Amino acid sequence: MQNKQILLASRPVGMPDERTFEIREAAIPDLSDGEVLIRAVYVSVDPYMRGRMTDAESYIEPFPLNEVITGGVVGQIERSASPDFNEGDFVIGTLGWQEYSIAKAKEVRKIDPAAAPISTHLGILGMPGLTAYFGLLDIGKPREGETVVVSGAAGAVGSTVGQIAKIKGCRTIGIAGSDEKIRYLVEDLGFDDAINYKTTPDLRAELKEKCPDGVDIYFDNVGGEISDKVHARLNRLARVPVCGAISTYNLKERDIGPRVQTLLIKKSILMQGFTVGDYAKRFKEGAADLGKWLGEGRLKYEETVREGFENIPDAFLDLFRGKNTGKLLVKVSDPK
Ligand SMILES: NC(=O)c1ccc[n+]([C@@H]2O[C@H](COP(=O)([O-])OP(=O)(O)OC[C@H]3O[C@@H](n4cnc5c(N)ncnc54)[C@H](OP(=O)(O)O)[C@@H]3O)[C@@H](O)[C@H]2O)c1
């Protein structure tokens, strides 16, 4: 059996392109005791992977050059040399951009396809959902009646943040990049209002109009100029969970923005960066609440699913083109 794999061929400067990735075919090695062979069904593409393509120091190691790019995968056990897994079981793990992966049994977790669609473990019930949950609740600490602004609002993390803020009784304003996304946020997800940052001539004025009482929590997914403008509307004792800065990930030069220290001091604002891994010990608690709200219909989710293994790199680039609503996934095989 041949295995298609996608390797990191070079470290991109600016937006990744065809030189960044290489597709190759390799033989699948035999299984050793305690290992399983997994056929990928859904491959996750996530913005944080852009950071791992550079060799800058970070909270996570860079992807090694000329090796398979690793990331979240939901797949099905094709062969098992472990008593813990049977052929046909669905699992999730940090596997990679390849059709087949060999993993030790302890490196993957069984998921129940009857409990929730298997793809949700890469989205609303998985890493992005948990990021939204802990970032908003642990750092944002929303209180009823407060105003929450979320950027990247129609994406996997942002769409969940806004809905949890509504569950907590907040007034929720989303910022996203198309009129269709604005409609989705307000009409389908129940955001109180939303702003298309690409067509609004004066984001600052628009924020003033839509947040007349200022902003108590700004859940920041994008950084850059959008965030500069939201910062200007922050209230005294506001909280700013800094989750991502996607607007800067492909910059060729370091981003220099307004300095925030004086603002933070004057208004006693808390700005805290975090990674979802900080909350690893509490994942069960987060997943239980997300699952409960999903079951009760209080949380909704969208997925943008691209088809075909070869399209993984292009799907990854779609994150930076704003092509996705909700979680962006690539379906590479059919579940059996
Ligand atoms: N801290 C953590 O542990 C953690 C975990 C997961 C994700 N994150 C971060 O959270 C953010 C959202 O991640 P996600 O997985 O939910 O991705 P996502 O929001 O589903 O997809 C990315 C979205 O970002 C928007 N975007 C792209 N370029 C932009 C730009 N220059 N300016 C403004 N918006 C831009 C696009 O939507 P528009 O059409 O609206 O532009 C795009 O759809 C990312 O910054 C990611 O790195 C952090």
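Residues numbered from 1 in each chain as written. Predicted model: local features only at pLDDT ≥ 70, side-chain atom pairs only at ≥ 80, totals over all residues. Heavy atoms only, no water.

A. Layout of the layout of surface pockets. In this structure, the second largest pocket encloses a volume near 320 Å³. As for the second largest pocket, its lining consists of 17 residues, of which Gly-223, Gly-224, Ser-227, Asp-228 and Asp-255 are closest to the centre. If one sorts the elements of the lining of the second largest pocket by residue count, helix α6 (residues 224-231) sits on top with five residues. Across the lining of the second largest pocket, the residue classes break down as six nonpolar, seven polar and four charged. (1 Å grid on protein atoms, 1.4 Å probe; cavity = no way out; pocket = protein on both sides within 12 Å on 5 of 7 lines; lining within 4 Å. Points joined across faces, edges and corners; volume = space filled by probe spheres on them. Helix = DSSP H or I, 4+ residues; strand = E, 2+ residues; numbered from the N terminus. Nonpolar A, V, L, I, M, F, W, Y, C, P; charged D, E, K, R; others polar.)

B. Main features of the domain arrangement of the protein chain. Looking at the protein chain, the domain boundaries give domain 1 (2-123 + 302-331) and domain 2 (127-278). The interface is formed by 21 residues belonging to domain 1 together with 14 residues belonging to domain 2. Taking both partners together, domain 1 and domain 2 bury about 1300 Å²; carbon and sulfur atoms supply 59% of that area. Applying the counting rule to domain 1 against domain 2 returns zero salt bridges. Run the count over domain 1 and domain 2 and you get five residue pairs in polar contact (both at pLDDT 80 or more). Those elements that provide at least two residues to the side of domain 1 that touches domain 2 are α1 (48-52) and α9 (312-321). Ranked by the residues each element gives to the side of domain 1 that touches domain 2, the list is headed by α9, at three residues. When grouped by side-chain class, the residues that make up the side of domain 1 that touches domain 2 number nine nonpolar, seven polar and five charged. (Domains from an automatic or database assignment. Contact = heavy atoms within 4.5 Å. Buried area = accessible area lost by both parts, 1.4 Å probe. Salt bridge = Lys/Arg side-chain N within 4 Å of Asp/Glu carboxyl O. Polar contact = N/O pair within 3.5 Å; in protein donor to acceptor, adjacent residues only side chain to side chain.)

C. Summary view of empty space enclosed by the protein. Enumeration over the complete set of coordinates arrives at one cavity of 30 Å³ or more. Quantified by volume, the largest cavity comes out at close to 70 Å³. Residue lining of the largest cavity: Gly-123, Ile-124, Gly-155, Ala-156, Ser-159, Thr-160, Lys-300, Tyr-301, Glu-302, Glu-303, Gly-326 and Lys-327, and that is the complete set. For the lining of the largest cavity, the per-class residue count stands at three nonpolar, five polar and four charged. Inspection of the lining of the largest cavity shows a minimum of three residues originating in each of domain 1 (2-123 + 302-331) and domain 2 (127-278).

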